[in-house]
Amino acid sequence: MGSQPNHQDVYSALNKLCAQTDFDVEAQLAQQKELDEAEARRLVEEERTHLSVDLLHCEPPTRLDKTPLRSGQPMPAGAQNPTE
């Protein structure tokens, strides 16, 4: 009968197993959170890069007569100021 574990030994072993499992899960969750945050930052930066590239490739605004509109030039007759 002495070779069988008693209740105290079983309880102690299960308690240690649960504590270790809890520690492992918490560590994995913290690591996953860091990875998710890094991925979110990467996606935001990627979107900013795409927007910047899109802006660089945009055609400049044109007048109604299709001539380029440069800053400092008056608005064409009949055109409305977008800021009004």
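Whatever comes next refers back to the structure up there.
In this text the structure is predicted, and so the values were computed from the model without any measurement.

S.K.: So what's going on with the overall build of the protein chain? Residues and values would help.
M.R.: Helix and strand content of the protein chain: one helix and zero strands. Out of the 84 residues in the protein chain, the part that is buried amounts to 1%. When the accessible surface of the protein chain is totalled, it reaches about 8100 Å², and 57% of it is carbon and sulfur.

S.K.: Please set out the pattern of salt bridges residue by residue, giving values where relevant.
M.R.: Counted by the stated rule, this structure contains three salt bridges. One salt bridge in this structure joins Arg48 and Glu45, with 3.8 Å as the shortest N-O distance. One end of the pair, Arg48, and the other, Glu45, are both in helix α1 (residues 7-56), three residues apart, so they sit about a helical turn from each other. Residues joined in a network through salt bridges with shared partners are Glu39, Arg42 and Glu46.

S.K.: Which residues make up α1, and what are the values?
M.R.: For α1, built from 50 residues, the straight-helix expectation of 74 Å at 1.5 Å per residue is met to within 8% by its first-to-last C-alpha distance of 73 Å. Capping of α1 at its N-terminal end is provided by Asn6; its side-chain oxygen lies 3.0 Å from the backbone amide nitrogen of Gln8.

What counts, and at which threshold
- Once a new chain begins, its residue numbering starts again from 1 and follows that chain's sequence as written.
- Two thresholds apply to this predicted model, a pLDDT of at least 70 for residue-level local features and 80 or more for giving and counting side-chain atom pairs, whereas whole-chain, interface and lining totals are computed over all residues.
- Only hydrogens and water are set aside; all other atoms, that is, all heavy atoms of the structure, feed into the side-chain values.
- Numbering of helices and strands runs from the N terminus; a helix is a DSSP stretch of H or I covering at least four residues, while a strand is a stretch of E covering at least two.
- Each residue's exposure class comes from its accessible area (1.4 Å probe, protein chains only) as a fraction of the maximum for that residue type: buried when under 20%, exposed when over 50%, partly exposed otherwise.
- Here, Shrake-Rupley sampling with a 1.4 Å probe gives the accessible areas, and only protein chains in the shown set may cover a residue.
- The salt bridge definition used is simple: a Lys or Arg side-chain nitrogen within 4 Å of an Asp or Glu carboxyl oxygen.
- To estimate how far a helix should extend, the number of its residues minus one is multiplied by 1.5 Å.
- Under the rule applied, a polar contact is a pair of N or O atoms within 3.5 Å (in protein, one hydrogen donor and one hydrogen acceptor; residues adjacent in sequence only if both atoms are side-chain atoms).

Fair warning: the whole summary comes from geometry, so function is off the table for now.
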